[in-house]
Amino acid sequence: MKADKLHKTSESKGRGAVQDIVGAISSRRSIRAFLPDQVPQKQIEEILSIASRAPSGTNTQPWKVYVVSGDARLALSQEILTAFMNDEDHQFEFKYYPDEIGEPYLARRRANGWGLYGTIGIVKGDRAKMKVQHGRNYKFFDAPTGLIFTIDRHLEIGSWFDYGMFLQSIMLVARSFGLDTCPQQAFAQYHKIIQRRLSIPKDEMVVCGMALGYADMAAPENSYVTDREPVAGFAKFVDELAQ
Ligand SMILES: Cc1cc2nc3c(=O)[nH]c(=O)nc-3n(C[C@H](O)[C@H](O)[C@H](O)COP(=O)(O)O)c2cc1C
């Protein structure tokens, strides 16, 4: 199927397609409730094919993707969710954050958490509700398609840079097809279950997951739009060099 046809099929659902790159970047956000409408395999292949134009050091293309839908997605989600709800001991294989994240990151992280919880009426101290909401990660927030990303273990930090570009490319191409996403580091904690159920070779490491589908814009959590620092907060225009 050609890309323009794929765009047409998706116009009536979710948030609608955004064709230009600025629009795709500006409209991308983490969506945490999806409609049940399926995303055709052809369209997922098209998204992955376009996203694989992402740059990578010496064109090494370090990404590997497992696309999970239908009964396989439901069964995988159920097994991980059960492990999560029962507090089974599952450990991350790599650290996303340092033990003490410090400022300004801690304040931003808190603002993000409370901003999201605020949309769904979760107040401070309501740990049971927080746990249920976190558990929705493992159902890919009801998206019909879940993506699991892996990387060869022996690759170094440079390939992880490349990976980020590939992930962002997927999220942007998805927007151009009227689809939405949520990148999900939460899955990395349950790598043992994922590795076994998806028959992932031992020399690959689970990087993260991603929900892919049509946004349910009636869901209050999807009304949350995160802040960003102004440019002056993170960029310096240097016109005089130190000696
Ligand atoms: C690599 C990566 C992993 C993430 N993992 C999760 C996750 O497990 N669960 C979740 O709800 N959001 C996750 N997020 C979404 C972030 O919370 C989100 O990107 C951030 O708050 C900024 O909001 P925005 O994506 O709506 O712009 C992840 C984002 C990235 C880039």
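For the structure, check the block above.
This report concerns the structure included in the present document. (Residues numbered from 1 in each chain as written. Predicted model: local features only at pLDDT ≥ 70, side-chain atom pairs only at ≥ 80, totals over all residues.)

**Details of the nonpolar core**
Counting 41 residues, the largest nonpolar core has Phe34, Ile170, Ala174, Ala211 and Leu212 as the members making the most contacts within it. Listing elements by their share of this core, those giving two or more residues are helix H3 (41–51), helix H4 (70–85), strand S2 (145–152), helix H7 (157–176) and strand S4 (204–213). Counting residues per element, this core draws most heavily on H7, at eight residues. Not counting the four nearest positions on each side in its chain, Leu212 is found in contact with Val39, Ala143, Thr145, Leu147, Ala174, Leu179 and Thr181. (Core = buried A, V, L, I, M, F, W, Y, C linked by C-beta atoms within 7 Å. Buried ≥ 20, exposed ≤ 12 C-beta atoms within 10 Å, placed from the backbone. Helix = DSSP H or I, 4+ residues; strand = E, 2+ residues; numbered from the N terminus. Contact = placed C-beta atoms within 7 Å.)

**Focus on the pairing of S2**
Strand residues, when the strand is regular, have side chains that alternate between the two faces of the sheet. In terms of burial, S2 is a largely internal element, six of the eight residues being buried. Sheet topology places strand S1 (residues 64–69) next to S2; six bridges connect them, and they run antiparallel. Bridge pairing links Tyr66 to Ile148 in S2. Note that S2 and S4 share eight bridges and pair antiparallel. Residue pairing in the sheet places Ile148 in a bridge with Gly209 of S4. (Pairing = 2+ DSSP bridges.)

**Details of unusual backbone geometry**
Cis geometry marks the peptide bond from Glu103 to Pro104, where omega comes out at 5°. Topologically, Pro104 is positioned in the loop between H4 and helix H5 (105–119). Positive phi values are uncommon outside glycine, yet Thr58 reaches one of about 50°. You can see Thr58 is positioned in the loop between H3 and S1. You will see that Phe140, though not glycine, has its phi angle at about 50°, which is positive.

**Structural notes on the site of the ligand**
Lining the immediate environment of the ligand, one finds Arg29, Ser30, Arg32, Asn112, Asn137, Cys182, Pro183, Gln184, Gln185, Ala186, Cys208 and Thr226. Among the elements that line the shell around the ligand, the one with the most residues is strand S3 (residues 180–184), at three residues. Tallied by class, residues from the shell around the ligand come to four nonpolar, six polar and two charged. (Near = placed C-beta within 6 Å. Nonpolar A, V, L, I, M, F, W, Y, C, P; charged D, E, K, R; others polar.)

**A short note on the environment of Lys124**
Looking at the element boundaries, Lys124 is found in the loop between H5 and helix H6 (127–135). Separated by ten residues in sequence, Lys124 and Trp114 place their C-alpha atoms 8.2 Å apart.

**Points about the sheet that holds S2**
Ordered in space as S1-S2-S4-S3, the four strands form an open sheet in which the pairing is antiparallel. Strands at the two margins of the open sheet, each flanked by one partner only, are S1 and S3. Pairwise comparison of adjacent strand axes, ignoring direction, gives a mean angle of 25° for this sheet. Together, S2, S3 and S4 form the strand contacts of H7, whose direction differs from that of S3 by roughly 155°. (Axes fitted to C-alpha atoms, helices over the stretch in contact; angles between N-to-C directions.)

**Concerning the pairing of S4**
Counting buried residues along S4, seven of its ten residues qualify, which places the element largely inside the surrounding structure. Sheet topology note: the S3/S4 ladder contains five bridges and is antiparallel. Among the inter-strand pairings, Thr181 is bridged to a residue of S4, identified as Leu212.

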